[in-house]
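Here's the letter readout for the chains.
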Amino acid sequence: MSLSKEEIIQKTIVFVKETLANAEGGHDWFHIERVYKNALLIAKEETVDVFIVSLGALLHDIADSKFHHGDETIGPKVARNFLESVAVAEADIVHVENIISNISFKGGNFEQQFRSPELDVIQDADRLDAIGAIGIARCFNYGGFKDRKLYDPAIAPNLNMSKAEYKKSTTPTINHFYEKLLLLKDKMNTKTGQKIAEQRHVFMEQFLAQFFAEWNGKA
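Parameters at a glance
- Residues numbered from 1 in each chain as written.
- Predicted model: local features only at pLDDT ≥ 70, side-chain atom pairs only at ≥ 80, totals over all residues.
- Heavy atoms only, no water.
- Helix = DSSP H or I, 4+ residues; strand = E, 2+ residues; numbered from the N terminus.
- Buried < 20%, exposed > 50% of the residue type's maximum accessible area, 1.4 Å probe, protein only.
- Contact = heavy atoms within 4.5 Å.
- Areas by Shrake-Rupley, 256 points an atom, 1.4 Å probe, with all protein chains shown as cover.
- Polar contact = N/O pair within 3.5 Å; in protein donor to acceptor, adjacent residues only side chain to side chain.
- Lys, Arg positive; Asp, Glu negative; His and termini not counted.
- Salt bridge = Lys/Arg side-chain N within 4 Å of Asp/Glu carboxyl O.
- Axes fitted to C-alpha atoms, helices over the stretch in contact; angles between N-to-C directions.
- Parallel < 35°, antiparallel > 145°, perpendicular 65-115°, else oblique.
- Nonpolar A, V, L, I, M, F, W, Y, C, P; charged D, E, K, R; others polar.

Got a minute to help me understand the overall build of the protein in this structure?
Summing up its helical and strand segments, the protein has 10 helices and zero strands in all. Helices (α) and strands (β) of the protein occur, in sequence order from the N terminus, as α-α-α-α-α-α-α-α-α-α. With the C-alpha coordinates of the protein rotated into their principal frame, the extents come out at 65 × 35 × 30 Å. Looking at the protein residue by residue over its 219 residues, the buried ones come to 48%. Long-range pairs, those at least 24 residues apart, make up 66% of the contacts in the protein with a sequence separation of at least 6. As displayed, the protein has an accessible area near 11400 Å², and 52% of this comes from carbon and sulfur atoms.

Below, the structure written as structure tokens:
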């Protein structure tokens, strides 16, 4: 007896929770849950397959290349193996694989190789979790995880990194705001994503202004 779509989604949630039980704090189940919820919120205003949006959001970071020596093939493989185990249709599996392979920022000069309305929704949801208060918290959490400096005035942000340079970057955490986070507002795909991103972007700007005021002894 085949599983219903709702049953597949529930099994996916259990699988992701178990798989990411010991993940780094910015890429754990709670990150997935926030992206999943944001994706469903955005999907209400878009013409999309909510089943694909759900699976793609839940599995988008199932094996993030950052934690697998830069290997971008592991995530899609893990997702495929799971989805095959719950008898998801091949076309849907391929769609989810393409979402996983193309969702990440990978540096400002990366050209996305695949597009779909479902990817647009999930990508916006994922990017929203990288900005605002949660984005700031995740940014410094990851910087600490990688033992990076908070800030070094002698190291300027690199806004022209290639995909390979972006993946290997070890620059201070503050630089990441300029190399990625502050760029995301203008890369949103949906109107809902754009609206939410605007206020989160302003919050990051306010944080940076306060950070530099304190750094320079002016606050």
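Help me out: how do you make sense of helix H3 (residues 50-59) in this one?
Along an α-helix, residues three or four positions apart point the same way, because every turn accommodates 3.6 residues. Counting buried residues along H3, nine of its 10 residues qualify, which places the element largely inside the surrounding structure. Within the sequence span of H3, burial applies to Phe-51, Ile-52, Val-53, Ser-54, Leu-55, Gly-56, Ala-57, Leu-58 and Leu-59. In this structure, the buried residues of H3 make contact with helix H1 (5-19), helix H2 (29-43), helix H4 (74-85), helix H5 (90-102) and helix H6 (117-128). Regarding H3, its N-cap is Asp-49, as a side-chain oxygen of that residue lies 3.0 Å from the backbone nitrogen of Phe-51 further along.

Help me understand the environment of Ala-125 in this model?
Within the element layout of this structure, Ala-125 appears in helix H6. As a C-alpha pair, Ala-125 and Leu-41 span 84 residues in sequence and 8.8 Å in three-dimensional space. Ala-125 has contacts with Val-35, Asn-38, Ala-39 and Ile-42, leaving out every residue within four places of it along the chain.

What exactly am I supposed to notice about unusual backbone geometry here?
With the exception of glycine, the majority of residues adopt a negative phi angle, and the majority of peptide bonds are in the trans configuration. Positive phi, close to 60°, is recorded for Ala-87, a residue that is not glycine. Within the secondary structure layout, Ala-87 lies in the loop between H4 and H5. Look at Ala-87 and you get exposed, because its relative accessible area is 62%. We note that Asp-147 has phi near 60°; this positive angle belongs to a residue other than glycine.

Teacher, can you tell me more about the side chain of Arg-127 here?
For Arg-127, the position within the fold is in helix H6. Among buried charged residues, Arg-127 stands out as having no salt bridge; its nearest opposite-charge side chain is Asp-124, 5.2 Å away. Polar contacts involving the side chain of Arg-127 include one to the main-chain carbonyl oxygen of Lys-187, which spans 2.9 Å. Ignoring any residue separated from it by four or fewer positions in sequence, one finds Arg-127 in contact with Leu-184, Lys-187 and Met-188.

How do you make sense of the packing of H1 against H3 when you look at a structure like this?
How two helices sit against one another is set out by the angle between their axes and by the gap between those axes. At a minimum axis separation of 10 Å, H1 and H3 run at an interaxial angle of 5°. Considered as vectors, H1 and H3 are oriented roughly parallel to each other. Contacts between H1 and H3 involve Lys-5, Ile-8, Ile-9, Thr-12, Ile-13, Phe-15 and Val-16 on the former and, on the latter, Phe-51, Ser-54, Leu-55, Leu-58 and Leu-59. Among the residues forming the contact of H1 with H3, the class breakdown is nine nonpolar, two polar and one charged.

Please clarify how the pattern of salt bridges should be interpreted in this entry.
Side-chain pairs of opposite charge can arise whenever the charged atoms involved come near each other. The tally for this structure, following the rule as stated, stands at nine salt bridges. Between Arg-80 and Glu-90 there is a salt bridge, with its nearest N and O atoms 2.8 Å apart. Here Arg-80 is found in helix H4, whereas its partner Glu-90 is found in helix H5, with 10 residues between them in sequence. Sharing partners across several salt bridges, the network here consists of Arg-80, Glu-84, Glu-90 and Glu-97.

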